[in-house]
Amino acid sequence: FIKGVINVVYYDIKDIKVDKMNNLKTFPIILGVKNSLLMLHALNIIDLIILCYAVYIKIFPLYMISLALFTIYVYYYLLKGNVKNNKELIKYTYLMVDGECLLWPIVLLISKYAFNFFLH
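Computed from a prediction, not measured in an experiment: that's the story for all the values here.

### Notes on unusual backbone geometry
Here comes step 1: Located in the positive-phi region is Asn23, a residue other than glycine, with phi close to 55°.
Here comes step 2: Tracing the chain through its elements places Asn23 in the loop between helix H2 (16-21) and helix H3 (27-31).
Here comes step 3: Notably, Lys58 is not glycine yet its phi reads approximately 65°, a positive angle.
Here comes step 4: As for its placement among the helices and strands, Lys58 is situated in the loop between helix H4 (33-56) and helix H5 (69-80).

### Quick notes on the confidence of the model for the protein
Here comes step 1: Summing up the model confidence of the protein, the mean pLDDT is 89 and the portion of residues at 70 or higher is 92%.
Here comes step 2: The secondary-structure element of the protein with the lowest mean pLDDT is helix H6 (residues 86-119), recorded at 84, while H4 shows the highest, at 96.

### As for H5
Here comes step 1: Here H5 spans 17 Å end to end across 12 residues, near enough to the 16 Å set by a 1.5 Å rise per residue.
Here comes step 2: Among all positions in H5, only Phe70, Thr71, Tyr73, Val74, Tyr77 and Leu78 are buried. In an axial view of H5, the angular spread of the buried residues amounts to 160°, which keeps them on one side of the axis. The exposed set on the far side of H5, more than 90 degrees from its buried face, consists of Leu69 and Ile72.

### A word on the nonpolar core
Here comes step 1: In terms of nonpolar packing, the biggest core is built from 20 residues, with Ile6, Tyr10, Leu40, Tyr77 and Leu78 touching the most fellow members.
Here comes step 2: Looking at this core, the elements that each hand over two or more residues are helix H1 (2-14), H4, H5 and H6.
Here comes step 3: Sequence-distant contacts of Ile6, defined by excluding residues within four places in its chain, comprise Leu40, Leu43, Asn44, Val74 and Tyr77.

### Examining the environment of Asp15
Here comes step 1: Along the chain, the position of Asp15 falls in the loop between H1 and H2.
Here comes step 2: Asp15 sits in the partly exposed class, given a relative accessible area of 29%.
Here comes step 3: Asp15 sits 11 residues away from Thr26 along the chain, and the two C-alpha atoms are 9.7 Å apart.
Here comes step 4: A distance of 3.0 Å separates polar atoms of two side chains, one belonging to Asp15 and the other to Lys14.

Reading the values: rules and limits
- Residues numbered from 1 in each chain as written.
- Predicted model: local features only at pLDDT ≥ 70, side-chain atom pairs only at ≥ 80, totals over all residues.
- Heavy atoms only, no water.
- Helix = DSSP H or I, 4+ residues; strand = E, 2+ residues; numbered from the N terminus.
- pLDDT = per-residue confidence, 0-100.
- Expected span 1.5 Å × (residues − 1).
- Buried < 20%, exposed > 50% of the residue type's maximum accessible area, 1.4 Å probe, protein only.
- Arc of directions from axis to C-beta.
- Core = buried A, V, L, I, M, F, W, Y, C linked by side-chain atoms within 4.5 Å.
- Contact = heavy atoms within 4.5 Å.
- Polar contact = N/O pair within 3.5 Å; in protein donor to acceptor, adjacent residues only side chain to side chain.

Written out as C-alpha cells, the structure reads:
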C-alpha cells in the first residue's frame with residue numbers, strides 16, 4: 001500500500017500543472033513539490049521499517065529482506081523527481097516508478113534461491 005501511495009503522489013508531481021488547472025487537491029498542490037517529496041521520503045523509510053519488522057517477527061520469510069534494496073531505488077528516483085525539466089521527470093517516472101514492480105519478483109526469486117543455497 002505504501003509503495004502505491006508513493007507512486008501515485010510521485011505521478012501527481014508530474015501532473016501538477018494540469019491538476020491545478022482542473023482544481024484538483026493533490027498532495028503536491030496542497031503541500032508543494034518539495035514537501036511532497038519529503039513526505040515520500042518519510043513513507044519510504046516507514047515502508048523499510050515495516051518490512052524489517054515483518055521479517056523480524058517472521059510474518060515474512062528471511063529472503064524478503066532483499067526488498068529493502070528498493071528503499072535505495074525509491075530514494076534515487078525521489079531525488080531525481082526534484083528536477084526543473086519536466087521531460088527529465090517523465091523519463092524517470094515511466095522508467096523507474098513503473099519498472100519497480102517488475103523487478104520485485106526477480107529480486108525475490110534470486111534472493112530466495114541465494115538464501116536457500118547459503119543457509120542450507
